[in-house]
Amino acid sequence: MMGTAERREAPDEGVVAQVRTRPDGGAPGRGTAAAGHGTSGGRDDVEYVGEPEDSRGKASYRPLWVEEPARRRRLPDPVRTAAVRAVLLIAVTLIQAMVAFLTTLAGSWLAFPMVISSVVSTILATWGVLDVWVTRQVWNQRNGVVSVPSSTARALRRERRRARRRERSAQRAEARIRRRGGAGQLSHP
């Protein structure tokens, strides 16, 4: 008794698979991938017929995923470090505030120290958030593209460009001297 065969193709995908129903319950043959690990009657087996072909008839490489460009640029390292520090401070502050509230409701002796420490943590968390803002402003001023006449980023970039030009011209001059070899020497054997 023969099984039925059908051809399936995923929408907008180029992979074609042939599905066979194996009523005899035999193990899948070579080049097939079973739907499960054991063998049982009536199970569908998937045989990959081939990869999609390009216009030249060769099998085209299709990656597992396509990387999309990030919607936003990654934060600079100093700003990201400050942001992580601020988030940790805020998390600790919220935990301390919750413990202070619950110990106050319970009438515990721990309530007063927890209230004091949560006030101190609130001040530190505020400092952490301000630190993120200041770090971001400083980084933008030094490295960012800020369209303000007082921006130091433009002057730094101009200075780096000048240094690169000087380095390139020195390398060209050195290469020119090497190419000439011993142009001023006599060629007596």
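Residues numbered from 1 in each chain as written. Predicted model: local features only at pLDDT ≥ 70, side-chain atom pairs only at ≥ 80, totals over all residues. Heavy atoms only, no water.

Peer 1: Hey, could you run me through the overall build of the protein in this one?
Peer 2: For the protein, the count of helices and strands is 3 helices and 4 strands. Scanning the protein from its N terminus toward the C terminus, one meets helices and strands in the order β-β-β-β-α-α-α. Looking at the 189 residues of the protein, the share that counts as buried comes to 14%. For the protein, the proportion of contacts with a sequence separation of at least 24, taken over those separated by at least 6, is 35%. Put simply, the protein shows about 15,800 Å² of open surface, and 59% of that area lies on carbon and sulfur atoms. (Helix = DSSP H or I, 4+ residues; strand = E, 2+ residues; numbered from the N terminus. Buried < 20%, exposed > 50% of the residue type's maximum accessible area, 1.4 Å probe, protein only. Contact = heavy atoms within 4.5 Å. Areas by Shrake-Rupley, 256 points an atom, 1.4 Å probe, with all protein chains shown as cover.)

Peer 1: What should I look at first to understand the packing of helix α1 (residues 77-106) against helix α2 (residues 111-143) in this one?
Peer 2: Angle between the axes and distance between the axes are the two parameters that describe a pair of packed helices. Where α1 meets α2, the closest approach of the two axes is 8 Å, and the angle between their N-to-C directions is 160°. By the angle class used here, α1 and α2 are roughly antiparallel. Seen from above, α1 lies across α2 with left-handed handedness. Looking at side-chain class alone, the contact of α1 with α2 contains 19 nonpolar, 10 polar and 3 charged residues. (Axes fitted to C-alpha atoms, helices over the stretch in contact; angles between N-to-C directions. Parallel < 35°, antiparallel > 145°, perpendicular 65-115°, else oblique. Left-handed = near helix turned anticlockwise from the far one by under 90°. Nonpolar A, V, L, I, M, F, W, Y, C, P; charged D, E, K, R; others polar.)

Peer 1: Which parts of the structure should I look at to understand the pattern of salt bridges?
Peer 2: When the charged atoms of two side chains with opposite charge come close together, those side chains can pair. In the structure shown here, the tally under the stated rule is 6 salt bridges. We note a salt bridge from Arg-80 to Asp-77, for which the minimum N-O separation is 2.2 Å. With Arg-80 and Asp-77 both in helix α1, this residue pair falls 3 residues apart, about one helical turn. The class for Asp-77 is partly exposed, based on a relative accessible area of 46%. (Salt bridge = Lys/Arg side-chain N within 4 Å of Asp/Glu carboxyl O.)

Peer 1: How do you make sense of the environment of Val-87 when you look at a structure like this?
Peer 2: By the element assignment, Val-87 lies in helix α1. Residues Val-87 and Ala-125, 38 residues apart in the sequence, show an inter-C-alpha distance of 8.2 Å.

Peer 1: Any chance you could explain the UniProt feature "transmembrane region" (unreviewed entry) in the protein here in plain terms?
Peer 2: Under the feature "transmembrane region" (unreviewed entry), the UniProt entry names residues 82-103 and 109-134. As annotated, residues 82-103 comprises 100% helix and 0% strand, and the C-alpha atoms at either end are separated by 31 Å. Within the segment residues 109-134, helix and strand shares are 92% and 0% respectively, and the terminal C-alpha atoms sit 39 Å apart. (UniProt positions renumbered as here; feature names shortened; annotations may be inferred.)

Peer 1: I tried to follow the packing of α2 against helix α3 (residues 152-180) on my own but got confused; where do I start?
Peer 2: With their axes 5 Å apart at the nearest point, α2 and α3 run at an angle of 40° to one another. In terms of their interaxial angle, α2 and α3 are classed as oblique. Residues Gln-141, Arg-142 and Asn-143 of α2 pack against Thr-152, Ala-153, Leu-156 and Arg-157 of α3. Tallied by class, the residues present in the contact of α2 with α3 amount to 2 nonpolar, 3 polar and 2 charged.

Peer 1: For this particular structure, what's the right way to read a positive patch on the surface?
Peer 2: Positive charge collects at one region of the surface, where Arg-154, Arg-158, Arg-160, Arg-161, Arg-164, Arg-165, Arg-168, Arg-172, Arg-176, Arg-179 and Arg-180 lie side by side. Structurally, Arg-172 can be placed in helix α3. Here Arg-172 falls in the partly exposed class, since its relative accessible area comes to 49%. (Patch = residues over 30% accessible without salt bridge, like charges linked within 9 Å, V, L, I, M, F, W, Y side chains within 5 Å. Lys, Arg positive; Asp, Glu negative; His and termini not counted. Charge placed at Lys NZ, Arg CZ, Asp CG, Glu CD.)

Peer 1: Can you help me understand the environment of Ala-91 in this one?
Peer 2: Inspection of the secondary structure puts Ala-91 in helix α1. Assessed through its relative accessible area of 37%, Ala-91 is described here as partly exposed. A C-alpha to C-alpha distance of 8.9 Å links Ala-91 and Ala-125, two positions 34 residues apart in sequence.

Peer 1: Hey, could you run me through the side chain of Ser-121 in this one?
Peer 2: Tracing the chain through its elements places Ser-121 in helix α2. Each residue touching Ser-121, except ones within four places of it in the same chain, is listed here: Thr-93 and Gln-96.

Peer 1: Help me understand the side chain of Gln-96, please; the structure alone is not making it clear to me.
Peer 2: Its location among the elements puts Gln-96 in helix α1. Other than its neighbours up to four places away in sequence, Gln-96 contacts Met-114, Ser-117, Ser-118 and Ser-121.

Peer 1: Quick question: what am I supposed to make of the confidence of the model for the protein here?
Peer 2: Caution applies to low-pLDDT regions: their predicted coordinates should not be interpreted in detail. The pLDDT averaged across the protein works out to 76; a share of 61% of its residues lies at or above 70. Predicted confidence in the protein is weakest over strand β3 (residues 32-34), with a mean pLDDT of 44, and strongest over α1, with 95. (pLDDT = per-residue confidence, 0-100.)

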